[in-house]
Each structure stands twice: as C-alpha cells, then as structure tokens.
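Spelled out, the chains give:
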Amino acid sequence: MGPRPEPAGDDDTVMNKIAFIFPGQGSQSVGMGVALAERFTEARTAFERASHVLNWDLLQACKEGPEDRLRQTDVAQPALYVSGYAVFAVLRSFGITPDAVSGHSIGEYAALAAAGVFGFTEGLDLVRERGALMQAAALEHPGGMVAILGLSREAVVAMCDNVQQVHGVCVPVNFNTPEQIVVAGEKAAIEALSAAAAEGAKRVILLNVSGAFHSPLMKEAAIRMKLRLSQVAFQNAACPVAMNVDGQCRQEASAIQSALAQQLDHSVEWVKSIDSLKAAGCAVFVECGPGRVLSGLLKRIDKGLKSYSTDTLEALNQTREALMTPLTPTLSPLRGERDGRSPG
C-alpha cells in the first residue's frame, strides 16, 4: 500500500486507513476527466482504451457533452466508470493506494476494478451491458425516483409500504444518509409518495432519471446481468470492498460476485457501507471521480471523517499533498470513535 497518514496516538492506530470511494450516476458533468487525461498518461490511457472498447470517443463525449447526452444511461455509466478508474490510476502512480474501497451504484464497478476483482476493460464491458439492460428495463417498466430529505429510514419504509398497497411498486432504494433516502417505483406510486412525504419531510425532490433503478422493476435486467456476471472469472479483492447490497465488506471472489449480482434490483446501503469502512479502520476517504456528492453524504453520515476530492487538478494536487504527509492534526479528533456509536 501507499503512504499512510500517521496515527495520532496509540489509541488511534486502527483509524489511520484510507478508503477510495467512487461516485454513481448524478455526479457526471461536462468536462469530467478531461483535464486529468490531458495532464496524466495513466488517465489518458484509460480513456483511450475505453474508446476502443466502446467504439466511440468517450473523452470527446465528456469534453463536449452536451449535458443531456451525459445524462443518458449508456453514456453516463461508462463515463463515470472510466473517470473514477482514471483517478485511481493516477493516485496509484503517486504511490497512494487504498486500504479499502466502495462505490455508489455504478461506482461499485470502478471500485471492484480498482481492487483487482476484474480487469479494467472487462469491467467496462460489464458496465456497458449493465447500462443497456437498465435502459431496456426502464422502457418496458416505466417508473421514477424521488429523494426524501429529513425523514428517518423507518418513517420512509412505512410510508412506502402504505403507498405500495394502493399504487404499485414503491420501495426505498438508496440509503444515502440517515435522513436522505431515495425511493423508486411506478410513476403513480412516486407521485402518491411525494404528496404524502411533503407533509413531514424537509424536502421532496423528484429526480430526473429514466427509470426506477434498484427497484423490483429492474428484476428482468438483474436476472440477465447475473447471467452475464457468471461468465466472468472474478478474482479475490486486493483490499476489502464494502458492497452496496448490504454494506458489508468482502474480499473473496465468489462472495463479491454474489453480492454484485443482486445490485440492480436491491437497495444501495450507503450508510452501512461507510459504517463498515469505519469498522475496518478507515478515517480518510478519497472521492475518486467527478463531483463531490459522496463527500457531502459523508459529512452527513459522520462529521468526524475526513474526505478529499479529485474533481479538479487543484483538488487532486491537494489530496496528493495531504496523503503523502502525516495527517496527525486531522486524525486527532477521532479519538474515542471506536465505541460503535451510530453516525449522524
């Protein structure tokens, strides 16, 4: 592994590890990865290899957009996968490597590639297949997604159960923070839930997405993706991977494959994933890829955790400087956080 932050003291030795986290759909933006590819050979190579596999110019799509094109599942998912992996490759060239990894939805594929579970191009081929299956499922079973802010997990689950009895599929699919939960389902159900949640939630945000991702409406896509994954020779991970389906860390190849096969029609347990990484000793998190969505979620899960971004060359340089020098002042406040208390 690469340079480690120095522990603040004997009590903090277990909390000096670094986790790389990879963002999901919604973090994409015009210009993502372009400066990185222009500056670093490792990033440029990743984009060139990806364009060869995809048979279209991914870097040009990231550079020119437009934004509507980058929102399309078949473009956004490869773009996020490659951008995240490119950051990982550049950090690795600095000698900075993770003690554990995790990724949000499509970001899980970049995390697994970074952990050596499958090769970069093999992962990209899986991402392309995943995007096509999700898009087909969304057309066959139209649905939507809504973010509920300010209500507990229990409250949202109960509300979904009530709505589902009358209006069809309506389930929580992203547990992003203790009080930021995304729900997916049939359009009528999402409309009914939005109206019901508006009375008690701080905010109700209808998401601009093409389908009800991670919900039972993706079941057919999940079955086909499971078959596709069964054709890949997974390797044991080089470090623990906190998996979306239950947030638990895994390293054994078959266990990772089984968890990934459930991803498309099961919830993203992001809060539990961060809790597992904390339990593994991770106190420093590097968001590998565009935007700072995951860094924002991290602050809402546990303000005591330190996050670094890589979405600009300046941010990447600051991350490099911080991780290649002792972080004692940063880690000092983390004393006593091994008591297992709930984040948030």
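So, here's what we can say about the structure. On a predicted model such as this, the values are computed, not experimentally measured, just so you know. (Residues numbered from 1 in each chain as written. Predicted model: local features only at pLDDT ≥ 70, side-chain atom pairs only at ≥ 80, totals over all residues. Heavy atoms only, no water.)

Before going further, it helps to examine the packing of aromatic side chains. Here the distance between the centres and the angle between the planes together describe a pair of aromatic rings. Counted according to the given criterion, the structure contains seven aromatic pairs. Ring plane angle 35° and centroid distance 6.3 Å describe the contact between Tyr109 and Phe118, whose orientation is recorded as tilted. Residue Tyr109 shares its accessibility class with Phe118, and that shared class is buried. Members of the aromatic cluster, joined through ring pairs, are Phe20, Tyr81, Tyr85, Phe88 and Phe120. Note that Arg39 overlies the ring of Phe40, its terminal NZ or CZ placed 4.7 Å from the centroid. The positively charged end of Arg69 is found above the aromatic ring belonging to Trp56, 5.3 Å away from the centroid. (Phe/Tyr/Trp six-rings, centres within 6.5 Å; stacked < 30°, edge-to-face > 60°. Buried < 20%, exposed > 50% of the residue type's maximum accessible area, 1.4 Å probe, protein only. Lys NZ or Arg CZ within 6 Å of the ring centre and 35° of its normal.)

Here we come to the pairing of strand β5 (residues 180-185). By the criterion of burial, β5 is predominantly enclosed, with six of the six residues buried. Of the two faces of β5, the one lined by Gln180, Val182 and Ala184 and the one lined by Ile181, Val183 and Gly185 are each fully buried. With six bridges connecting them, strand β3 (residues 144-149) and β5 associate as antiparallel partners. If you follow Met145 over to β5, its bridge partner there is Ala184. Relative to β5, strand β4 (residues 170-177) is paired through six bridges, and the arrangement is antiparallel. Directly across from Asn174, in β5, lies its bridge partner Val182. A loop of two residues connects β4 with β5, the two strands running antiparallel in sequence. (Helix = DSSP H or I, 4+ residues; strand = E, 2+ residues; numbered from the N terminus. Pairing = 2+ DSSP bridges.)

Let us look at the side chain of Gln180. Within the secondary structure layout, Gln180 lies in strand β5. When sequence neighbours within four positions are dropped, the list of residues in contact with Gln180 reads Ile148, Leu149, Asn174, Phe175 and Leu297. (Contact = heavy atoms within 4.5 Å.)

Moving on to the sheet that holds strand β1 (residues 17-22). Strand order in the open sheet formed by six strands is β8-β7-β2-β1-β9-β10, and the pairing between neighbours is mixed. The open sheet has two free edges, formed respectively by β8 (249-250) and β10 (306-308), since each of these has just one partner strand. Judged from the five bridges that link them, β1 and strand β9 (residues 282-287) form a sheet pairing that is parallel. Note on β9: the bridge partner recorded for Ile21 is Glu287. This element, helix α12 (residues 270-279), spans β1, β2 (100-103), β7 (241-242), β8 and β9 of the sheet and lies at about 175° to β2. (Axes fitted to C-alpha atoms, helices over the stretch in contact; angles between N-to-C directions.)

The next point concerns the sheet that holds β4. Read from one edge to the other, the open sheet built from four strands follows the order β4-β5-β3-β6, with strand pairing classed as antiparallel. Taken across any chain shown, the strands that pair with only one partner, and hence form the sheet edges, are β4 and β6 (203-206). On average, each strand axis in the sheet is inclined to that of its neighbour by 25°, with strand direction left out of account. Note: β3 against β6, four bridges, orientation antiparallel. Within the sheet, the bridge partner assigned to Val146 lies in β6 and is Leu206. Of the strands in this sheet, β3, β4, β5 and β6 touch helix α9 (residues 187-197), which is tilted by about 15° from β3. Each of β4 and β5 touches helix α13 (residues 293-301); the most contacted strand, β4, lies at about 85° to it.

It is worth spelling out the packing of helix α5 (residues 73-94) against helix α6 (residues 107-114) at this point. How two helices sit against one another is set out by the angle between their axes and by the gap between those axes. Two elements in contact, α5 and α6, have axes separated by 9 Å at closest approach and are oriented at 35°. Where α5 crosses over α6, the handedness of that crossing is right-handed. Note on element contacts: α6 touches α5 through Tyr109, Ala110, Ala113 and Ala114, opposite Tyr81, Tyr85 and Phe88. Here the contact of α5 with α6 is built from residues that sort into seven nonpolar, no polar and no charged. (Left-handed = near helix turned anticlockwise from the far one by under 90°. Nonpolar A, V, L, I, M, F, W, Y, C, P; charged D, E, K, R; others polar.)

Attention now goes to the pattern of salt bridges. Using the criterion set out here, one finds eight salt bridges in the structure. A salt bridge links Arg153 to Glu269, with the nearest nitrogen and oxygen atoms 2.8 Å apart. A residue pair is termed long-range when its members are at least 10 positions apart, and Arg153 in helix α8 (residues 153-167) and Glu269 in the loop between α11 (253-261) and α12 qualify at 116 residues. A relative accessible area of 28% places Arg153 in the partly exposed class. Here Glu269 falls in the buried class, since its relative accessible area comes to 7%. Residue Asp246 pairs with Arg250 through a salt bridge whose shortest N-O separation is 2.8 Å. Residue Asp246 is classed as partly exposed on the basis of its relative accessible area, which comes to 26%. (Salt bridge = Lys/Arg side-chain N within 4 Å of Asp/Glu carboxyl O.)

For the pair α5 and helix α7 (residues 120-140), the least separation of the axes is 8 Å and the interaxial angle reads 155°. Our classification of the angle between α5 and α7 gives roughly antiparallel. Read as a crossing pair, α5 and α7 show a hand that is right-handed. Between α5 and α7, the contacting residues are Thr73, Asp74, Gln77, Pro78, Tyr81, Val82 and Tyr85 on the first element and Phe120, Gly123, Leu124, Val127, Arg130, Gly131, Met134 and Gln135 on the second. Of the residues contributing to the contact of α5 with α7, the split by class is eight nonpolar, five polar and two charged. (Parallel < 35°, antiparallel > 145°, perpendicular 65-115°, else oblique.)

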